[in-house]
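Now for the letters of each chain:
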Amino acid sequence: MESLYLLIPIAAVFVFIAVAIFTWAVKKDQFEDLDREGQRILFEEDDNDKEK
Amino acid sequence: MSQKPCYHCGEDVPKDLNIQSEIDNQVVDFCCYGCQAIAEFIQGADLSNYYQHRTEKAQNAQNTSELDNKFSLIKDPDLYPLYVFENGNIHHIQISLKGMTCAACAWLIETRLQQLEGISSIHINLSTSLATLEWQPKKIDITDIAKEVQLLGYQASPYRADQTDIDIKKAKKTSIIRLGVAGVGMMQVMMSAIALYAGDIQGMDQSLKTLISWLSFAFATPVVLYSGFPFFKAALRDLKTRHFTMDLPVSLGIGLAYTASIYSMLSKTGHVYFDSVTMFTFFLLLGRFLEEAARHKSYSNNRNQQELSSAWLIKENEPVKEIPLSKISLGDTILIKSGENIPVDGVISKGSTSIDESSLTGEYLPITKAVGDNVVAQTINVEQNIEILVSAIGKQTRAAAIERLTDRALSEKPKIAKIADNVAHYFVILVLICASLTFIGWTLAGSDEAYWIMISVLVVTCPCALSLATPVALTSATNKLKEFGLLVTRGHVIESLAKCSHIIFDKTGTLTHGQFDISHIDSTDDTFCLQIASALERESIHPIAKAFRQSSPIQAEDIINHTGLGVEGKINGERYLLGNLKFVSSLSKNIKTSPSEFTGLTLYLAKENTGVIGTIYLQDRLRPHCQEAISDLRNNKIQVSLLTGDTSESARSVLKPEKFDHFKCQVSPEEKWQWINTQKDKANILMVGDGLNDVPSLAGANTSIAMAASSDLAKIHADAVLINSQIETINHSIKLAKKCQIIIKQNLFWAASYNAIMLPAAILGYVPAWAAAIGMALSSLLVALNASRLSR
């Protein structure tokens with residue numbers, strides 16, 4: 001059970017990192033256009049095909 | 001043979017039409033030459049992948065073809081720096097795009113513009129319909145870029161974020177972060193809580209318990225202090241204004257449970273409630289976030305239209321020049337081209353035309369005007385070019401007067417008393433009295449447990465379920481209404497819709513389509529008649545032309561418009577006339593006049609040397625199922641009235657006065673609003689309208705709904721927008737609003753009675769804190785489940 005004293009704080013650190021990344025993403029406009037970005041990958045695949 | 005859909009826009013292709021092209025080695029049909037041109041352009045630019053990728057059909061070419069190139073205007077040295085950011089050779093601008101329907105549209109525009117030389121970068125945001133463009137003015141002109149976009153079937157106009165946009169964007173980002181922090185924090189604290197509960201049952205080392213408590217504390221603190229900040233701020237405002245809303249018990253609940261948990265954590269006695277606190281904060285934030293998001297969506301991107309309006313200034317011995325409207329002054333003479341919006345009030349000094357004043361009066365038939373007649377801003381010049389002498393600009397115009405009236409109406413709008421806030425007011429006082437009495441009572445009785453019993457009282461009475469009761473029900477009702485086709489943009493709509501007892505409709509554009517439709521044709525060959533009429537009207541922008549379809553297999557030449565009379569043109573070498581009785585009487589003597597009961601518009605088609613060959617009857621048509629919807633409303637004991645700026649004759653031609661409780665014609669925007677004011681005391685009013693003339697009434701009514709095709713101003717001031725334009729949606733919405741009201745009352749009743757039962761037990765010290773916390777979570781869950789019945 002002693003390992004918990006180490007593992008729990010480490011888990012906590014990871015959560016704080018996740019929140020920091022989330023905040024950064026919001027500030028950098030990553031959530032600006034949810035309708036569009038999901039489909040971008042489909043178009044780019046085609047463009048690459050043409051170049052080949 | 002079934003009708004084929006247009007390859008580009010998906011509209012039905014008329015049977016007798018044959019517009020075909022080869023796209024991707026496949027012969028396809030189009031509904032009009034506009035759509036064909038766009039598709040061929042896309043194919044030519046090697047972008048026909050668009051058609052494979054798109055998930056929605058494109059807009060019809062008719063909707064995007066208006067030549068409205070505002071980019072030449074921003075070249076004015078005064079306006080340029082407002083829109084364009086210069087960085088050496090590279091200039092930077094934001095563009096608002098119209099007509100995008102799915103992600104493929106954005107891809108199409110981006111890819112096409114990247115093919116052009118001189119474009120440094122282009123990025124399109126689909127949700128806001130805004131593009132960020134960087135280009136080199138030395139290599140490519142901005143107006144040419146806009147033209148490219150137009151060739152693809154979209155409309156572009158320069159965009160400049162005003163302060164409201166910036167504020168909204170900033171506020172939205174902050175709420176997303178607040179919500180995210182609350183969400184993550186809640187999950188962590190919940191996990192710790194499960195461990196603690198398990199520990200209570202199985203036994204757990206005190207040191208481990210302390211660690212987990214501290215961990216919950218660490219995660220709950222940002223949730224309470226940062227995410228919950230808006231609640232505390234609002235509660236402080238409540239205290240200052242002495243008007244208690246739900247924010248006060250909410251912050252009280254969060255604040256007290258949080259401090260009590262810290263105390264019990266430090267003293268290692270009692271129970272921690274960090275889990276309840278975070279969950280509560282998260283769910284309340286979520287409700288508010290969804291409400292805000294719906295509201296912001298309805299704001300249009302085109303609020304800087306005024307600044308980009310332009311006028312053609314006429315000066316003696318100088319060529320006509322297009323200049324920004326802001327530089328026009330009183331007494332100037334300006335040219336209004338046919339089809340253009342009139343930007344100012346003025347008097348016609350040269351020429352004659354007809355003016356579409358439907359946005360101001362509701363009269364959908366254009367009015368013929370000649371030299372000396374007044375024209376007003378926000379109306380459309382339909383036929384010929386005219387010159388006008390400017391008599392009022394900006395805030396002095398009649399249209400601006402309506403906007404001022406709107407502000408007044410808005411300030412007098414009755415406030416809807418929210419049930420929850422009424423409850424909150426008394427609830428707070430009751431809870432505070434109970435808690436303090438409990439503490440005093442137990443202390444006097446000499447108990448060491450006095451503080452803990454008081455905390456139990458507070459937790460038991462924690463307004464979790466009570467304050468969730470309304471938002472969860474409203475959120476699921478709002479979503480359901482959106483499915484019905486009604487977009488709710490203000491928080492009070494559902495409550496006020498349920499109370500609505502008198503609905504006032506505008507006529508033109510609301511109950512009717514607001515444009516001419518062919519009612520029937522009287523001729524020997526209807527199809528032929530229609531083809532000729534369509535060919536003659538093809539170039540026209542007169543509202544009558546909209547009744548005819550855009551394309552015709554026949555081509556007309558030498559088309560001449562006669563103001564107030566009709567149109568003539570040559571087809572296969574023969575001259576045809578289409579217009580009113582006066583117009584065709586020169587060709588033919590014995591004309592059968594229209595039956596007297598017909599109140600719409602009658603057009604005669606005449607052929608030179610032959611005389612009248614057909615009569616076409618046009619009428620503004622009611623929206624489908626509109627009559628049924630109205631009688632249905634009246635059966636449900638809701639009064640229905642019609643207020644229109646139109647003449648009574650024209651109103652009666654489509655609607656029967658006996659179908660309404662009140663039927664008023666030829667009312668001005670001011671009169672409409674005043675009449676609503678007189679009715680306000682008697683009933684709870686819902687106003688449904690679309691035009692500029694309805695805006696003060698929309699702002700002044702208890703609840704207001706704007707039609708999907710409304711003017712921007714109407715949409716901004718309405719509480720909800722009827723996206724599907726079907727009147728019966730209003731009936732469904734009222735029913736749902738009433739159901740929602742019942743659910744809210746059930747929820748409040750449940751939450752209040754739960755509190756009422758538990759309160760005496762807690763005061764007497766029979767409820768351990770952990771049981772209070774579980775009870776609180778369960779009652780919240782019950783409330784949420786009850787609300788979810790609405791979305792079924």
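Note that the structure is a prediction, hence the values are computed from the model and not measured.

1. Structural notes on the overall build of chain B
Alright, step 1. Along chain B, the regular secondary structure elements total 27 helices and 29 strands.
Alright, step 2. The buried share among the 792 residues of chain B stands at 43%.
Alright, step 3. Taking the intrachain contacts of chain B between residues at least 6 apart in sequence as the baseline, contacts between residues at least 24 apart amount to 66%.

2. A few points about the overall build of chain A
Alright, step 1. Across its full length, chain A holds 2 helices and 0 strands.
Alright, step 2. When burial is assessed residue by residue, chain A has 0% of its 52 residues classed as buried.

3. Some remarks on the sheet that holds strand S27 (residues 685-689) of chain B
All names here are of chain B.
Alright, step 1. Reading across from one edge, S17-S29-S28-S27-S18-S25-S26 is the order of the 7 strands in this open sheet, with mixed pairing throughout. Looking at which strands have only one partner, the edges of the open sheet turn out to be strand S17 (486-488) and strand S26 (662-664). Along the sheet, successive strands turn relative to each other by an average axial angle of 20 degrees, direction set aside.
Alright, step 2. In the sheet, S17 pairs with strand S29 (residues 720-722) via 3 bridges, with the strands oriented antiparallel. Looking across to S29, one finds that Val488 is bridged to Ala720.
Alright, step 3. The sheet contacts of helix H23 (residues 669-680) involve strand S18 (502-505), strand S25 (639-643), S26 and S27, and relative to S27 the element is tilted by about 160 degrees.

4. Concerning the packing of helix H1 (residues 4-27) of chain A against helix H7 (residues 163-202) of chain B
Alright, step 1. Direction vectors running N to C along H1 of chain A and H7 of chain B enclose 165 degrees, while the axes themselves pass 10 Å from each other. What the angle tells us is that H1 of chain A and H7 of chain B run roughly antiparallel. Note on packing geometry: the crossing formed by H1 of chain A with H7 of chain B is right-handed. Contacts from Val15, Ala18, Val19, Phe22, Thr23, Val26 and Lys27 of chain A in H1 of chain A reach Lys173, Ile176, Ile177, Gly180, Val181, Val184 and Gln188 of chain B in H7 of chain B.

5. Notes on the sheet that holds strand S11 (residues 345-350) of chain B
All names here are of chain B.
Alright, step 1. Taken together, the 6 strands give an open sheet; going across it, the order is S9-S8-S10-S16-S11-S14, and neighbouring strands pair in antiparallel fashion. Where the open sheet ends on each side, the last strands, each with one partner, are strand S9 (321-324) and strand S14 (374-375).
Alright, step 2. Pairing of S11 with S14, which is carried by 2 bridges, proceeds in the antiparallel orientation. Looking across to S14, one finds that Val347 is bridged to Asn374.

6. Details of the interface of chain A and chain B
Alright, step 1. Counting residues at the interface gives 21 residues for chain A and 19 residues for chain B.
Alright, step 2. Within the residue set of the side of chain A that touches chain B, elements represented by two or more residues are H1 and helix H2 (34-51) of chain A.
Alright, step 3. Per-element tally for the side of chain A that touches chain B: the top contributor is H1 of chain A, with 11 residues.
Alright, step 4. For the side of chain A that touches chain B, the class distribution of residues is 13 nonpolar, 2 polar and 6 charged.

7. Focus on the nonpolar core
Residue and element names in this part refer to chain B.
Alright, step 1. Ala473 and Cys740 are the most contacted members of the largest nonpolar core, which has 132 residues in total.
Alright, step 2. No other element matches helix H26 (residues 728-763), which puts 13 residues into this core.
Alright, step 3. Contact partners of Cys740, with chain neighbours within four places excluded, come to Ala473, Leu474, Ala477, Ile494, Ala498 and Leu790.
Alright, step 4. One finds Phe71, Ile122, Ile124 and Ala131 within the second-largest nonpolar core, a separate group that totals 46 residues.

8. Considerations on the packing of H7 of chain B against helix H8 (residues 206-227) of chain B
All names here are of chain B.
Alright, step 1. It is at 9 Å that the axes of H7 and H8 come closest, and there the two elements cross at 155 degrees. Classed by the angle they form, the pair H7 and H8 counts as roughly antiparallel. Relative to H8, H7 is oriented so that their crossing is left-handed. Here Arg178, Val181, Ala182, Gly185, Met186, Gln188, Val189, Ser192, Ala193, Ala195, Leu196 and Gly199 of H7 lie close against H8, whose contacting residues are Lys209, Ile212, Leu215, Ser216, Phe219, Ala220, Pro222, Val223, Tyr226 and Ser227.
Alright, step 2. Tallied by class, residues from the contact of H7 with H8 come to 14 nonpolar, 6 polar and 2 charged.

9. Observations concerning unusual backbone geometry
Residues and elements named next belong to chain B.
Alright, step 1. One non-glycine residue, Asp24, lies in positive phi territory at about 50 degrees.
Alright, step 2. Mapped onto the secondary structure, Asp24 falls in the loop between strand S1 (19-22) and strand S2 (27-30).
Alright, step 3. Even without glycine at this site, Asp558 takes up a positive phi of about 50 degrees.
Alright, step 4. By the secondary structure assignment, Asp558 is in strand S20 (residues 557-562).

10. Things to note about the confidence of the model for chain B
Residue and element names in this part refer to chain B.
Alright, step 1. Mean pLDDT over chain B stands at 81; residues scoring 70 or higher make up 90%.
Alright, step 2. For residues 300-304, every residue scores under 50 in pLDDT, and the model assigns this stretch 12 contacts once sequence neighbours within four places are set aside.
Alright, step 3. Here the predicted complex scores 0.68 on pTM and 0.85 on ipTM.

11. Focus: H7 of chain B
Alright, step 1. Between its first and last C-alpha, H7 of chain B extends 58 Å over 40 residues, near the 58 Å set by a 1.5 Å rise per residue.
Alright, step 2. The first or second residue beyond H7 of chain B is Gly203 of chain B, which carries a positive phi of 95 degrees.

12. Regarding the pairing of strand S28 (residues 703-707) of chain B
Side-chain positions along a regular strand alternate between the two faces of the sheet.
Residue and element names in this part refer to chain B.
Alright, step 1. When you tally the buried positions in S28, you get 5 out of 5 residues, the bulk of the element.
Alright, step 2. Side chains Thr703, Ile705 and Met707 project from S28 onto one buried face, and the interleaved Ser704 and Ala706 project onto a second face that is buried too.
Alright, step 3. Where S27 and S28 come together, 4 bridges link them in parallel fashion. The partner of Val688 across the bridge, within S28, is Ile705.
Alright, step 4. Pairing between S28 and S29: 3 bridges, direction parallel. Bridge pairing links Ile705 to Ala720 in S29.
Alright, step 5. For the segment spanning S28, helix H25 (residues 712-717) and S29, crossover handedness is right-handed.

13. Thoughts on the pairing of strand S23 (residues 601-607) of chain B
Residues and elements named next belong to chain B.
Alright, step 1. Relative to S23, strand S22 (residues 574-579) runs antiparallel, the two sharing 4 bridges. Looking at the pairing, Leu578 lines up with Leu605 of S23.
Alright, step 2. Bridge count between S23 and strand S24 (residues 611-622): 7 bridges; the pairing is antiparallel. Paired with Tyr604 across the two strands is Thr615, which belongs to S24.
Alright, step 3. From the end of S23 to the start of S24, which pair antiparallel, there are 3 residues, and Asn609 there has a positive phi angle of about 70 degrees.

14. Topic: helix H19 (residues 526-537) of chain B
In an α-helix, one full turn covers 3.6 residues, which means residues spaced three or four apart are oriented alike.
Residue and element names in this part refer to chain B.
Alright, step 1. Here H19 contains 12 residues, and its C-alpha end-to-end distance of 16 Å stays within 8% of the 16 Å for a straight helix at 1.5 Å per residue.
Alright, step 2. Regarding H19, the residues found buried are Leu530, Gln531, Ile532, Ala533, Ser534, Ala535, Leu536 and Glu537.
Alright, step 3. Buried residues along H19 sit in contact with strand S19 (512-523), S20, strand S21 (566-571), S22, S23 and S24.

15. Topic: the environment of Ser391 of chain B
Residues and elements named next belong to chain B.
Alright, step 1. Mapping Ser391 onto the fold places it in strand S16 (residues 386-392).
Alright, step 2. Once the C-alpha coordinates of Ser391 and Val375 are considered, the two residues, 16 residues apart in sequence, prove to be 9.6 Å apart.
Alright, step 3. When near neighbours in sequence (up to four residues on either side) are disregarded, Ser391 contacts Leu330, Asp345, Gly346 and Val347.

16. Examining the environment of His502 of chain B
Residues and elements named next belong to chain B.
Alright, step 1. By secondary structure assignment, the location of His502 is in strand S18.
Alright, step 2. According to the C-beta neighbour criterion, His502 is buried, with 21 such atoms within 10 Å.
Alright, step 3. Sequence spacing of His502 and Leu633 is 131 residues, and the spatial spacing of their C-alpha atoms is 9.6 Å.
Alright, step 4. Not counting the four nearest positions on each side in its chain, His502 is found in contact with Ile638, Gln639, Ser641, Gln679, Ala683, Asn684 and Ile685.

17. Re the environment of Cys9 of chain B
Residue and element names in this part refer to chain B.
Alright, step 1. Among the secondary structure elements, Cys9 is positioned in the segment before S1.
Alright, step 2. Accessibility expressed as a C-beta count within 10 Å gives 23 for Cys9, which makes it buried.
Alright, step 3. Separated by 49 residues in sequence, Cys9 and Ala58 place their C-alpha atoms 4.7 Å apart.
Alright, step 4. Sequence-distant contacts of Cys9, defined by excluding residues within four places in its chain, comprise Cys31, Cys35, Lys57, Ala58, Gln59, Asn60 and Ala61.

Reading guide: rules and limits
Residues numbered from 1 in each chain as written. Chains lettered and ligands numbered in written order. Predicted model: local features only at pLDDT ≥ 70, side-chain atom pairs only at ≥ 80, totals over all residues. Helix = DSSP H or I, 4+ residues; strand = E, 2+ residues; numbered from the N terminus. Buried ≥ 20, exposed ≤ 12 C-beta atoms within 10 Å, placed from the backbone. Contact = placed C-beta atoms within 7 Å. Pairing = 2+ DSSP bridges. Axes fitted to C-alpha atoms, helices over the stretch in contact; angles between N-to-C directions. Parallel < 35°, antiparallel > 145°, perpendicular 65-115°, else oblique. Left-handed = near helix turned anticlockwise from the far one by under 90°. Nonpolar A, V, L, I, M, F, W, Y, C, P; charged D, E, K, R; others polar. Core = buried A, V, L, I, M, F, W, Y, C linked by C-beta atoms within 7 Å. pLDDT = per-residue confidence, 0-100. Expected span 1.5 Å × (residues − 1). Right-handed = clockwise from strand over helix to strand, strands pointing away.

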